[in-house]
Every structure is written in structure tokens, then in C-alpha cells.
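Residue-level structure breakdown
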Protein chains: 2
Amino acid sequence: MIVSTSDEWRQTHVESWQRENKEEVFIYSCIEEVPLEVRKETDVLITFGNDLTKENIHDFESLKWIQLLSAGLEDLPFHELRKKKLLITNARGVHCRSMKEYVIGAMLHFEKHFHRFLQLKENRVWERETLVGELVDRKVLVFGTGTIGCEIGEAAQFFGMRIDGVNTKGSVKEPFERVYTMAEGLERLEEYDYVLSVLPYTPSTKNIFSDEVLGRLHSEAVFMNLGRGGVVDEESLAVHLKEKKIKGAVLDVFVEEPLPRDHAFWGLPNLLLTPHMSAKSDHYMTRCMEILLENYRNFTRNESHRMRNLVDLAKYY
Amino acid sequence: MIVSTSDEWRQTHVESWQRENKEEVFIYSCIEEVPLEVRKETDVLITFGNDLTKENIHDFESLKWIQLLSAGLEDLPFHELRKKKLLITNARGVHCRSMKEYVIGAMLHFEKHFHRFLQLKENRVWERETLVGELVDRKVLVFGTGTIGCEIGEAAQFFGMRIDGVNTKGSVKEPFERVYTMAEGLERLEEYDYVLSVLPYTPSTKNIFSDEVLGRLHSEAVFMNLGRGGVVDEESLAVHLKEKKIKGAVLDVFVEEPLPRDHAFWGLPNLLLTPHMSAKSDHYMTRCMEILLENYRNFTRNESHRMRNLVDLAKYY
């Protein structure tokens, strides 16, 4: 039995599934809605992943494969999944286009002063003395040189930005001019106009943007986090923004989501804050469907080694 | 004598002039500040152009060459300039990079709902049900396939947009998929998600985006004008925006600039309004200096045919 605990399927997605497959997908709005007898017979589970717990995973006695609709894995009950020796595939790659657009859009939002112009409009003020900026020649450091980081890098390069990257081993990677190790990258923040993290949350990325590290950003720098909230000391970042020690920030991910109503971030004017949306768009599920259909073909042919985006649970990504 | 009626020269620009030339540039903040005896002896005038009138041009008895710091010519006293048989060069090409960035930034501002997210932040609301859009596969029609239009087209293409163009004769031009004549283009507006004008203001572009033509835009379309205000029926556009007949507009140019305080545009929430700034940035004068220096070399060598961006006064551009 194939079960989806996300109901983001549109009619076109259901139709594209039905064109290829006879077996039906039973679609629920959340995991709590799935009756126990259905859980027991589910062999394929399609989910964003954050609904799986170390308790409810045991109800899925016949489970063989989980297709995640997200790329991040930090919410998964790793210990239990490892014991069950399940096939896990994720939606890696689906996020690239949307995140690339989001990053360039957010950078241009700052360079072109759109926020300021919206406020000037409110006050019916025509002011053209303050010159806006350009992306060309700006320096950007991207933490995370995977598919997403590289795609962002290429777009930045298209606009004439100078792009360096950071990965675990500092291994050279196109399109980055230079690639640093994590320690080297964190040392050099003061050289960059944009510092951007698309890092996953793992034991080795936890809180790496500490108060001390953030203190290295120059006063015109913009800090951007699109990976996971836990890599940043949020309290310190809020102070940096409030005291205008940096030009601004773009944050799409947070330690606690939804962001609590009393969080300091809400009140900061120099912050572009989005609710974990940088990867999502009206194209998202359509791209997930492509992965799901391809993986299901290989799953039914017992060719699981050909499945796209197989997750290595030992590595956390 | 060389006179500039713009004082946007920074120290680096003065230095780059002095490195190449012995003759000094006399810099004034506006044409009114230039004493009559200086006007009489000026043979090279550097100006944004909008300060020249059919009256004051006669004070410049020895004038041979005007280097414009803008690309638009509609403010120039054509009749007088033609009679004087002056060399006129403009800043064509200097605007491309900044305008390309502005256009992509403004499109992404709409696609990524940044304006909505800024308002949600004000109200401390975390809302991730509404899906944002992407540039990919959106259709854009660019009126004006000169240097600026082409550069914008290339950037749109980079993001996977489908781009068509419009020029006087409908002549094929890279990177546009199809190029229409003005009449054909205006007929087909309903096919496009973004309709963008970078047209100059000439007798044949006056008011071409009339009420009837604007009525062809579909309800999710965004209208963008970065060329000259006079090509649009502003009153009708304001009604279209107010009644939400289109998704939004991006306007950088207006019939009357500065935009009068009582103009309907100021009060429209679905409008991104900027004060004729799309081409300007902190890189602008640096790029103008490159043209000025090259043109001055050729001017002093009596090789005026080699000067960049020579304006044909008969054609208005």
C-alpha cells in the first residue's frame, strides 16, 4: 500500500501518477489521519519527514521505502530507521531553482533599496540622491557547495559577483573561485559583502556562526541563512542587526519554527524574514513527482540501487 | 575650456581624468552656476542634458561637443543643436548592467512575495500556505530591443524565462525568440506574464500603452516601464492597478518628474515605484568616465568619427 502524508498533490500530480501506475496512492493531510490498519500495510510512505517519530514509525510494520518530499533530514528518527534498514530517498535537487531565484532576489532587494523605495512611496517622497548598488564585483562566500550552493554560485557569477565557497574539506569545486575549509571560511568573513549558508544541521555545523564569528562581518555585509536555523547564534545575530553592525540579513530558517511571536527577529527593519519558503514554489510538487515516479519504477523492478537521492543514514545527509 | 554641469564626479573620477589629460575640467553643480564668460569659452560640455534650453545653448558660442551623461535625448533643444552642427555623444550602454539587475530584482520581488513577507513580519505572522512563484517558464515581452533590452533579455533567459521582443520593423534579434513590430506586439499583450518597456519617448511611441492596449493584459500580468513615462496612459494604468485588473506594475519613469504629490500612483499597494533610478548606481559615473576619456582622446586627435555613442539628431536617438 502506498501512502502520502502530505496532501499537496494537485489534480495534475494525481493524473501523472495514474498515467504510469495502477496501484493507488492513499493521500492523507497528516500522519495522524492514517488509520492503524493502513499504517500496518503501508510499504511505501511519501512524506515531508517531520511527522515521523520514533514512536509512530513502529506502526509501519511492512514499510520498505520512504520517499521524502524535503531534503533536510534532521527531524527523522535516525536510530529507528537504521534498525529497520529502510530505503530512504529525499527531494535533493528539487530546491535549486527556487532557492537560486530567492537568493538573487533577496540580494537585489538590498542592492536596489526596494524596501526603502516602498517606504518613500508611503510618504509620497521622490528622493534620488541616494545611489543604489549593484551585484557586480560584490564578494559572496557560500557555506555549502552541494547542488544548491553551486546553482546559487552560478547565478551570482552570471551577475558578475566574485564567489568563494566553503565545504568540509575545502575541496575545489566549480563555479567557486576558491573553496575553504569550514575553519578557514569562518576566519575570513570580513572579506565578503554577502555571507550565505545553505548548510544542513549536523553535529559539526551546530552554532558555527557564533557571536565571535558574526563579529567578523563588516558593517556593509548581509548575512543570509537558507539552510537550517541551528547553525547560527540567533540572539547574537539579532543584536548585530539591532545595533546596525551589519547592513542586514535574510533569514528563511530558524531554530524554532514557526518563529515564536516574541522573537526579537520580528521587530528588525533590516531583516528580510521568510517562513522557510525559499525552496518552495508552485513548481515544487511537480518536480517531486518526477523523482517519485522514477524511484517507484526502480523500486518495483527491485532495482533500488538505481533510485535517485538515496540517503545514507550513517552520514545524516 | 571643458565644463561639466554635473558635480557627481568623485575623487577617483577626477584622478582618472588627470592621469590622462593636462587640460582641466571645470565642475559646476548646475548650468545656472556657470558664469557667462565661461559659457562663451566652453568647447566641451559634459551634462545630463536636461539643463540645456533653446535659450542658454546660445551662450555657448565656441561649443563643439556635448558629452551627455544620460541616454535619453527628449529634453534636448533639437532644433538649436542641429543648426549648430554640434557633436553629441551620449552614455548609451552605461545603463545596461544596473537596469538588468533592477528588472530581475523587481520581477523576483513579485514572484517571491517579498512585499507580502515584509508585511507579515510587521504583524509577526508565520504563514507558509501561500506558494510563491518562479521566473522559470514565465513569458516576457520586451518593447525595445536595443542594448538595454537585449541585456535584460539575456538575464531573463538565464532564469529560464521565455522572451520575445518588439522593435520598429520586427527585425529578428538575439536573444529574443520572436520579435514583433510595434503593432503586432501591442496586439499580443495577453500572452505575457511580464510586459516591459525600455522605449524612448518619440512621436511614434507617445501613449502607445493606451487604455485599450492595457486592457489586453491578463489578471496575473505585471507591467514594467523603465524607458520614458510618456509611452503610457498613466491615468488608465492607475485604474487598472487600483481595480486589480493586473497583478502589479513596476514604474521608474513618469510623464511628470518628480511625480506630483497628488498623483494616484503613490497610493497603490501593488506598484513598485522608483524615482527614475533603475539605470543609476554607485558604478554609473565610473562607466561614464570610460566613455568620456575615450571620446576625449578621439576628439583631440580630430577623429570624431571614432567617438563612441555619436547621436544622430535627425533620428531623436
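Just so it is clear, the model here is predicted, and its values are computed rather than measured.

This part covers the overall build of chain A. When you go through chain A residue by residue, the secondary structure sums to 10 helices and 12 strands. Against the compact-globule benchmark of 20 Å for 317 residues, chain A has a radius of gyration of 22 Å, which places it among compact chains. When its C-alpha atoms are laid out on the principal axes, chain A stretches across 65 × 45 × 40 Å. Burial analysis of chain A (317 residues in total) assigns 56% to the buried set. Residue pairs in contact within chain A that sit at least 24 positions apart in sequence constitute 58% of those at least 6 positions apart. Of the roughly 13900 Å² of accessible surface on chain A, 48% is carried by carbon and sulfur atoms.

All names here are of chain A. Taken together, the five strands give an open sheet; going across it, the order is β2-β1-β3-β4-β5, and neighbouring strands pair in parallel fashion. One side of each edge strand has no neighbouring strand; the edge strands of this open sheet are β2 (25–27) and β5 (87–89). On average, adjacent strands in this sheet sit at an angle of 20 degrees to one another, irrespective of strand direction. Summarising the sheet, strand β3 (residues 44–47) and strand β4 (residues 65–68) pair through four bridges and their orientation is parallel. Considered in β4, the bridge of Val 44 is made with Trp 65. Across the face of the sheet, helix α10 (residues 284–300) comes into contact with β1 (2–4), β3, β4 and β5 while running at roughly 165 degrees to β4.

How big an interface is tends to be stated in terms of accessible area lost as the parts join. Taken together, the 60 residues of chain B in the interface contact 60 residues of chain A. Summed over both partners, the interface of chain B with chain A buries about 5500 Å², with 64% contributed by carbon and sulfur atoms. Area buried by chain B at its contact with chain A is led by Lys 121, Arg 124 and Trp 126 of chain B, which between them contribute 16% of it. In this assembly, chain B and chain A are joined by four salt bridges. Between Glu 101 of chain B and Lys 112 of chain A there is a salt bridge, with its nearest N and O atoms 3.4 Å apart. The tally of links from chain B across to chain A stands at 24 residue pairs in polar contact (both at pLDDT 80 or more).

Attention shifts here to the packing of helix α1 (residues 11–20) of chain B against helix α10 (residues 284–300) of chain B. Residue and element names in this part refer to chain B. As a packed pair, α1 and α10 sit with axes 10 Å apart at the nearest point and diverge in direction by 20 degrees. Classified by the angle between their axes, α1 and α10 sit roughly parallel to one another. Along this stretch, α1 crosses α10, giving a crossing that reads as right-handed. Contact residues: His 13, Ser 16, Trp 17 and Glu 20 in α1; Met 285, Thr 286, Met 289, Leu 292, Leu 293, Tyr 296 and Arg 297 in α10. Residue composition of the contact of α1 with α10, grouped by class: six nonpolar, three polar and two charged.

The subject of this paragraph is the pairing of strand β11 (residues 248–251) of chain A. All names here are of chain A. What you see with β11 is no split at all: Gly 248 and Val 250 on one side and Ala 249 and Leu 251 on the other are buried throughout. Handedness of the β-α-β unit built from strand β10 (residues 222–225), helix α9 (residues 234–242) and β11 comes out right-handed. Note that β11 and strand β12 (residues 271–273) share three bridges and pair parallel. Bridging across to β12, Ala 249 finds its partner in Leu 271.

Residue and element names in this part refer to chain A. Split by domain assignment, chain A resolves into domain 1 (2–94 + 282–306) and domain 2 (96–273). Inter-centroid distance (C-alpha atoms) of domain 1 to domain 2 is 33 Å. The partner domain 2 presents four residues to the five residues of domain 1 that form the contact. Roughly 450 Å² of surface becomes buried between domain 1 and domain 2 when both sides are summed, with 47% attributable to carbon and sulfur atoms. The largest share of the area that domain 1 buries against domain 2 comes from Glu 74, Gly 93 and Arg 287, three residues that together contribute 72% of it. Applying the counting rule to domain 1 against domain 2 returns zero salt bridges. Applying the counting criterion to the domain 1 and domain 2 interface returns one residue pair in polar contact (both at pLDDT 80 or more).

Now for the side chain of Ser 98 of chain B. Turning to its location among the elements, Ser 98 of chain B is positioned in helix α4 (residues 96–111). Those residues in contact with Ser 98 of chain B that sit more than four places away from it in its chain are Lys 112 and Glu 134 of chain A together with Ser 278, Ala 279, Lys 280 and Ser 281 of chain B.

Turning next to the UniProt feature "domain: D-isomer specific 2-hydroxyacid dehydrogenase catalytic" (unreviewed entry) in chain A. The feature "domain: D-isomer specific 2-hydroxyacid dehydrogenase catalytic" (unreviewed entry), as given by UniProt, occupies residues 15–305 of chain A in the numbering adopted here. Along residues 15–305 of chain A, the helical share is 32% and the strand share 14%, with 27 Å between the first and last C-alpha atoms.

Here the focus is the relation of the copies chain B and chain A. Note on the identical chains: chain B maps onto chain A by a rotation of 180 degrees and an axial translation of 0.0 Å, with an RMSD of 0.0 Å. Within this description, the copies of the chain are treated as partners about a two-fold rotation axis. Considering only C-alpha atoms, the part of chain B nearest the rotation axis is Gly 105 of chain B, at 2.6 Å.

Counted under the stated rule, the structure contains 34 salt bridges over all chains. Salt-bridge contacts for Glu 303 of chain B lead to Arg 306 of chain B; the nearest nitrogen and oxygen are separated by 3.2 Å. In the salt-bridge network here, residues are joined through shared partners; they are Lys 139, Arg 188 and Glu 191 of chain A.

Quick look at the environment of His 240 of chain B now. Here His 240 of chain B lies in helix α9 (residues 234–242). Accessibility expressed as a relative area gives 6% for His 240 of chain B, which makes it buried.

Residues and elements named next belong to chain A. For the structure on display, the rule yields 21 aromatic pairs over all chains. Centroid distance Phe 143 to Phe 209: 4.9 Å. Interplanar angle 80 degrees. Geometry classified as edge-to-face. In this pair, Phe 143 sits in strand β6 (residues 139–143) while Phe 209 sits in the loop between β9 (194–197) and α8 (211–214), placing the two residues 66 residues apart along the sequence. By relative accessible area, Phe 143 is classed as buried at 0%. Given a relative accessible area of 0%, Phe 209 falls into the buried group. Aromatic side chains Phe 158 and Phe 159 sit 5.3 Å apart centroid to centroid with 90 degrees between the ring planes, which places their arrangement in the edge-to-face category. For Phe 158, a relative accessible area of 29% puts it in the partly exposed group. Since its relative accessible area comes to 1%, Phe 159 is described here as buried. In this structure an aromatic cluster arises from ring pairing among Trp 17, Trp 65, Tyr 296 and Phe 299. Across the ring face of Phe 117, the terminal group of Arg 116 is positioned such that the distance to the ring centre comes to 4.8 Å.

Thresholds, definitions, all that
- Residues numbered from 1 in each chain as written.
- Chains lettered and ligands numbered in written order.
- Predicted model: local features only at pLDDT ≥ 70, side-chain atom pairs only at ≥ 80, totals over all residues.
- Heavy atoms only, no water.
- Helix = DSSP H or I, 4+ residues; strand = E, 2+ residues; numbered from the N terminus.
- Rg over C-alpha atoms; globule rule 2.2 N^0.38 Å.
- Buried < 20%, exposed > 50% of the residue type's maximum accessible area, 1.4 Å probe, protein only.
- Contact = heavy atoms within 4.5 Å.
- Areas by Shrake-Rupley, 256 points an atom, 1.4 Å probe, with all protein chains shown as cover.
- Pairing = 2+ DSSP bridges.
- Axes fitted to C-alpha atoms, helices over the stretch in contact; angles between N-to-C directions.
- Buried area = accessible area lost by both parts, 1.4 Å probe.
- Salt bridge = Lys/Arg side-chain N within 4 Å of Asp/Glu carboxyl O.
- Polar contact = N/O pair within 3.5 Å; in protein donor to acceptor, adjacent residues only side chain to side chain.
- Parallel < 35°, antiparallel > 145°, perpendicular 65-115°, else oblique.
- Left-handed = near helix turned anticlockwise from the far one by under 90°.
- Nonpolar A, V, L, I, M, F, W, Y, C, P; charged D, E, K, R; others polar.
- Right-handed = clockwise from strand over helix to strand, strands pointing away.
- Domains from an automatic or database assignment.
- UniProt positions renumbered as here; feature names shortened; annotations may be inferred.
- Least-squares fit on C-alpha atoms with pLDDT ≥ 70 in both.
- Phe/Tyr/Trp six-rings, centres within 6.5 Å; stacked < 30°, edge-to-face > 60°.
- Lys NZ or Arg CZ within 6 Å of the ring centre and 35° of its normal.

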